[in-house]
Amino acid sequence: MITAAQAMAAQDCPWCKSMQSGTSLERAGKYAEAVKSYETALQLADGFGPTDHRRVFTLNLLAGGYADLGQFANAEQAYRRAISVVKETGNTGSIDYAVLLSNLSAIYTQEQRMDEAEGMLRESTSIYSRILPSDDVRLAVARTCLAQVLLGKKNYGDAELLLDEARDAFQEHPGASRGSMGTVMNNLGVLRRVEGRYDEAIEMYRQALAAFTAEMGPNHPVLVQILGNLGVVYTEDNRPGDAEAAFRQALALGEKTLGTEHPTYGEILQNYSVFLKKNGHKPEARKLAARAREILREAARHAGAGMTIDASAYSGQLKF
């Protein structure tokens with residue numbers, strides 16, 4: 001059976017061109033342009049028939065683009081549409097279904113709906129475990145996502161075990177995405193920071209930055225969150241010079257690549273205000289904190305009522 005990815009590469013057709021354009025733009029960090037290409041592709045895919053796999057493939061990537069833009073309500077809707085198509089075909093034990101569950105769980109993680117996210121990820125990893133070898137990179141990515149949820153639920157022991165398993169799998173497959181290893185190292189950095197092991201956290205974040213930079217270049221928006229995480233750990237470790245530099249670099253790159261209305265930018269601005277207050281710059285801290293609240297409030301309004309934005313760790317989306 002030819003997958004949608006193979007069809008996209010093999011055929012010279014309007015849908016293929018829109019999908020190829022979207023993936024290229026997304027890889028370059030041009031998320032808004034990527035979403036427009038995916039939306040065009042979806043209009044074409046909807047004409048292929050209600051259960052055509054290309055609709056699922058397109059919806060998955062479109063949802064990931066919406067998530068990159070902080071449009072979490074749109075992302076959830078697109079993932080749910082894709083899941084409905086898979087359910088209609090009766091393929092709920094498939095890799096496709098596991099991928100969609102993992103990706104939708106990332107949206108729930110952002111919304112702090114941790115119990116629902118954990119349930120989806122455990123179902124997803126169960127499907128992977130039945131189908132894939134234990135060291136398959138797709139299973140490792142799902143374990144990384146589950147570890148992020150467990151970090152949010154303060155289940156640090158189980159999170160660390162999952163991250164160690166994922167790291168081992170990526171090390172055994174050097175051809176796997178460096179970004180996947182970067183995600184693991186970033187989440188291990190989050191864990192080490194919570195434990196107060198600041199030197200180790202800093203080293204993990206630096207490795208995450210190196211991994212993502214090697215794959216995506218020095219100006220990709222995914223670096224913004226990791227730089228912000230570095231600023232937080234430097235703040236907690238009483239290294240104000242390093243914290244200032246990390247926050248300024250994160251904010252500059254965030255402004256350039258995401259825009260000043262993006263929730264990630266607001267979250268980092270909020271953390272920077274905490275740093276400023278701690279280091280005696282209270283008037284500026286109050287001003288930036290107010291601006292951060294405004295950004296996050298507006299982002300939550302657009303993303304979905306009652307949503308809490310959490311940019312503490314990067315969570316990559318899975319492809320088919």
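In this text the structure is predicted, and so the values were computed from the model without any measurement.

*Asks:* Explain the state of the cysteines residue by residue, including any values.
*Replies:* The tally for this structure, following the rule as stated, stands at one disulfide. Here Cys13 engages in a disulfide with Cys16; their sulfurs sit 2.2 Å apart. Between Cys13 and Cys16, the S-S dihedral sits near 80 degrees, and the bridge is therefore right-handed. Given a relative accessible area of 1%, Cys16 falls into the buried group.

*Asks:* Describe the side chain of Ser102, and please don't skip the residues or the numbers.
*Replies:* By the element assignment, Ser102 lies in helix H6 (residues 95-110). Ser102 sits in the buried class, given a relative accessible area of 1%. In this structure the side chain of Ser102 is engaged in a polar contact, spanning 2.7 Å, whose partner is the side chain of Ser124.

*Asks:* Mind laying out the nonpolar core, listing which residues take part and the relevant values?
*Replies:* Residues Trp15, Tyr128 and Leu230 are the most contacted members of the largest nonpolar core, which totals 99 residues. Per-element tally for this core: the top contributor is helix H8 (residues 137-152), with ten residues. Each residue touching Leu230, except ones within four places of it in the same chain, is listed here: Ile202, Tyr205, Leu209 and Ala246.

*Asks:* Report on the pattern of salt bridges, specifying residues and quantitative values.
*Replies:* Pairs may arise between side chains of opposite charge once their charged atoms sit close together. Applying the stated criterion across every chain, the model contains 25 salt bridges. With a shortest N-O distance of 2.9 Å, Arg193 and Glu236 are connected by a salt bridge. Taken together, the positions of Arg193 in helix H10 (residues 178-194) and Glu236 in helix H12 (residues 222-236) put the pair 43 residues apart, joining distant regions of the chain. As a salt-bridge pair, Glu195 and Arg197 come within 3.1 Å of each other at their nearest N and O atoms. Through salt bridges with shared partners, a single network forms among Glu76, Arg80, Glu111, Arg113 and Glu116.

*Asks:* Describe H12, and please don't skip the residues or the numbers.
*Replies:* Spanning 15 residues, H12 covers 23 Å between terminal C-alpha atoms, matching the ideal 21 Å at 1.5 Å per step. Judged by how many residues are buried, H12 sits mostly within the fold: 14 of 15 residues are covered. A positive backbone phi angle near 55 degrees is found at Asn238, which sits one or two residues after H12.

*Asks:* Quick rundown of the environment of Met204? Include the residues and the values.
*Replies:* Within the fold, Met204 resides in helix H11 (residues 198-216). With relative accessibility at 11%, the residue Met204 sits in the buried group. The sequence separation of Met204 and Asn186 amounts to 18 residues, and the corresponding C-alpha distance is 6.2 Å.

*Asks:* How would you explain the packing of helix H4 (residues 53-68) against H6 if you had to name every residue and give the values?
*Replies:* Viewed as axis vectors pointing N to C, H4 and H6 meet at an angle of 20 degrees, and their least axial separation amounts to 11 Å. One element, H4, and the other, H6, form an angle in the roughly parallel class. Regarding H4 and H6, the two cross each other, and that crossing is left-handed. From H4, His53, Val56, Asn60 and Ala67 reach across to H6, where they touch Asp96, Val99, Leu100, Asn103 and Ile107.

*Asks:* Kindly report on unusual backbone geometry, identifying the contributing residues and their values.
*Replies:* Even without a glycine there, the phi angle at Lys154 is positive, about 65 degrees. If you trace the backbone, Lys154 turns up in the loop between H8 and helix H9 (156-172). Take Lys154: its relative accessible area is 61%, and that puts it in the exposed class. In this structure, Asn238 is a non-glycine residue whose phi angle is positive, near 55 degrees.

*Asks:* Residues and numbers for the confidence of the model for the chain, please.
*Replies:* For the chain, the mean per-residue pLDDT works out to 88, and 89% of the residues sit at or above 70. Of all secondary-structure elements in the chain, the lowest mean pLDDT belongs to helix H1 (residues 4-10), at 51, while helix H13 (residues 240-257) reaches the highest, 97. In the model, residues 305-320 has pLDDT below 50 throughout and makes 61 contacts with residues more than four positions away in sequence or in other chains.

So, how was this worked out
For every chain, the first residue of its written sequence is number 1, and the numbers climb from 1 along that sequence. Two thresholds apply to this predicted model, a pLDDT of at least 70 for residue-level local features and 80 or more for giving and counting side-chain atom pairs, whereas whole-chain, interface and lining totals are computed over all residues. Water and hydrogen atoms were dropped before computing side-chain values, which therefore reflect all heavy atoms in the structure. Sulfur atoms of two cysteines make up a disulfide when they are within 2.5 Å. Buried, partly exposed and exposed residues are distinguished by accessible area as a fraction of the type maximum, computed with a 1.4 Å probe on protein chains only: under 20%, between the cut-offs, and over 50%, respectively. By definition, any uninterrupted DSSP run of H or I lasting at least four residues is a helix, any uninterrupted run of E lasting at least two residues is a strand, and each is numbered from the N terminus. Counted as a polar contact is a pair of N or O atoms within 3.5 Å, where, for protein atoms, one must be capable of donating a hydrogen and the other of accepting one, and residues adjacent in sequence contribute only when both atoms are in side chains. The criterion is simple. A nonpolar core is a set of buried Ala, Val, Leu, Ile, Met, Phe, Trp, Tyr and Cys residues joined through side-chain atoms within 4.5 Å. A contact between two residues is defined here by any heavy atoms of the two lying within 4.5 Å. Salt bridge criterion: a side-chain nitrogen from Lys or Arg within 4 Å of a carboxyl oxygen from Asp or Glu. Expected helix span is given by 1.5 Å per residue-to-residue step, counting one fewer step than there are residues. For helices, the axis comes from a line fit to the C-alpha atoms of the stretch in contact; other axes are also lines fit to C-alpha atoms, and the angle between any two N-to-C directions lies between 0 and 180 degrees. Throughout this description, any angle smaller than 35 degrees is read as roughly parallel, any larger than 145 degrees as roughly antiparallel, any in the 65 to 115 degree range as roughly perpendicular, and the remainder as oblique. Crossing chirality is assigned from the near helix's rotation relative to the far helix, an anticlockwise turn below a right angle marking it left-handed and a clockwise turn marking it right-handed. A residue's pLDDT is the predictor's confidence in that residue, given on a scale from 0 to 100.

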